[in-house]
Amino acid sequence: LFPQAESIEDVTNEIVEILKNFSSIFLLVEIARTNQNPSIRNAALIFAYKFFCNNMDESDSITNDYVNELEKLKPIFFELLTRETKANIQYSICNLISIYGEFLSNFVEWKELFEFCIQLLEKNQIQIGLYLINLVYSDLFNDYERKQIFNSYSELCKAALCSDDQDLIMLACDGIET
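What counts, and where the lines are drawn
- Residues numbered from 1 in each chain as written.
- Predicted model: local features only at pLDDT ≥ 70, side-chain atom pairs only at ≥ 80, totals over all residues.
- Heavy atoms only, no water.
- Helix = DSSP H or I, 4+ residues; strand = E, 2+ residues; numbered from the N terminus.
- Rg over C-alpha atoms; globule rule 2.2 N^0.38 Å.
- Contact = heavy atoms within 4.5 Å.
- Core = buried A, V, L, I, M, F, W, Y, C linked by side-chain atoms within 4.5 Å.
- Buried < 20%, exposed > 50% of the residue type's maximum accessible area, 1.4 Å probe, protein only.
- Axes fitted to C-alpha atoms, helices over the stretch in contact; angles between N-to-C directions.
- Parallel < 35°, antiparallel > 145°, perpendicular 65-115°, else oblique.
- Left-handed = near helix turned anticlockwise from the far one by under 90°.
- Nonpolar A, V, L, I, M, F, W, Y, C, P; charged D, E, K, R; others polar.
- Phe/Tyr/Trp six-rings, centres within 6.5 Å; stacked < 30°, edge-to-face > 60°.

Asker: Honestly, the overall build of the protein chain in this entry has me stumped. Any pointers?
Answerer: For the protein chain, the count of helices and strands is ten helices and zero strands. Start at the N end of the protein chain and walk to the C end: the helices and strands fall as α-α-α-α-α-α-α-α-α-α. What you see for the protein chain is a C-alpha radius of gyration of 17 Å, in line with the 16 Å of a compact globule of 178 residues. With respect to the three principal axes, the spread of C-alpha positions in the protein chain is 55 × 35 × 25 Å. Within the protein chain, contacts between residues separated by at least 24 positions form 65% of all contacts whose residues are at least 6 apart in sequence.

Asker: Would you mind showing me how to read the nonpolar core here?
Answerer: The tendency in soluble globular proteins is for nonpolar side chains to be buried as a group. Of all hydrophobic cores here, the largest spans 53 residues; its most connected members are Ile25, Phe52, Leu70, Leu81, Leu113 and Leu132. With nine residues, the top contributor of residues to this core is helix 6 (residues 87–104). Not counting the four nearest positions on each side in its chain, Leu113 is found in contact with Phe78, Ile97, Leu132, Val136, Leu140 and Phe141.

Asker: Which parts of the structure should I look at to understand the environment of Lys86?
Answerer: Tracing the backbone shows Lys86 in the loop between helix 5 (73–83) and helix 6. Residue classification places Lys86 among the partly exposed positions, given a relative accessible area of 38%. C-alpha of Lys86 to C-alpha of Asn42: the two residues are 44 residues apart in sequence and 9.8 Å apart in space.

Asker: I would appreciate a short explanation of the packing of helix 2 (residues 24–34) against helix 3 (residues 38–55) in the present structure.
Answerer: For any two helices packed against each other, one specifies the inter-axial angle together with the distance between the axes. With their axes 8 Å apart at the nearest point, helix 2 and helix 3 run at an angle of 155 degrees to one another. Judged by the angle between their axes, helix 2 and helix 3 are roughly antiparallel. Crossing angle aside, the handedness with which helix 2 passes helix 3 is left-handed. Where helix 2 approaches helix 3, its residues Ser24, Ile25, Leu28, Ile31 and Ala32 are matched on the opposing element by Ile40, Arg41, Ala44, Leu45, Phe47, Ala48, Phe51 and Phe52. Counted by class, the contact of helix 2 with helix 3 contains eleven nonpolar, one polar and one charged residues.

Asker: Can you help me understand the packing of aromatic side chains in this one?
Answerer: Given two aromatic rings, their pairing is described by the distance between the two centres and the angle made by the two planes. Tallying each qualifying case throughout the model produces twelve aromatic pairs. Residues Phe78 and Phe116 carry aromatic rings whose centres are separated by 4.0 Å and whose planes lie at 15 degrees to one another, so their mutual orientation is stacked. Taken as a pair, Phe78 in helix 5 and Phe116 in helix 7 (residues 111–122) lie far apart in primary sequence, 38 residues in all. We note that Phe78, like Phe116, is buried. Counting every residue linked through ring pairs, the aromatic cluster contains Phe22, Phe26, Phe51, Phe52, Tyr66, Phe77, Phe78, Tyr100, Phe103, Phe107, Trp110 and Phe116.

Written out as structure tokens, the structure reads:
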């Protein structure tokens, strides 16, 4: 992939340069969507997350056409999360959804995110649902959505606190802080 690279530092520098290109996000998402190797999928998701972190302050240079292209990623992220079976990659997807939502919130609303979180909880994907809600609850949900989900969210947190699953208990504690 990087024929000129002679060290990890060289590869890192080349990746940083690639991430400066706005179209790189689509390549990274495609890798995360199609690659069979979980480590490569996870790395692509982490780099996609880094892409949005690096470009958070570049909103002045974002065109409406680019925002329209970015919006096409919404259903892909939902598909990635519902299809993925490896927990660590699911968490990477949630982190990406959160930063992507924060980035996109400068331009458009993401009403489907609230509905998707509810669906995760209804499909008994409690752990990943709680994690995603913890990430986006205060930053991306509006007051109405927070009120709508509050009772279900608090009941899930209570149930999680009573479980034997330490990860679920930690997520519930995070949810209570939110």
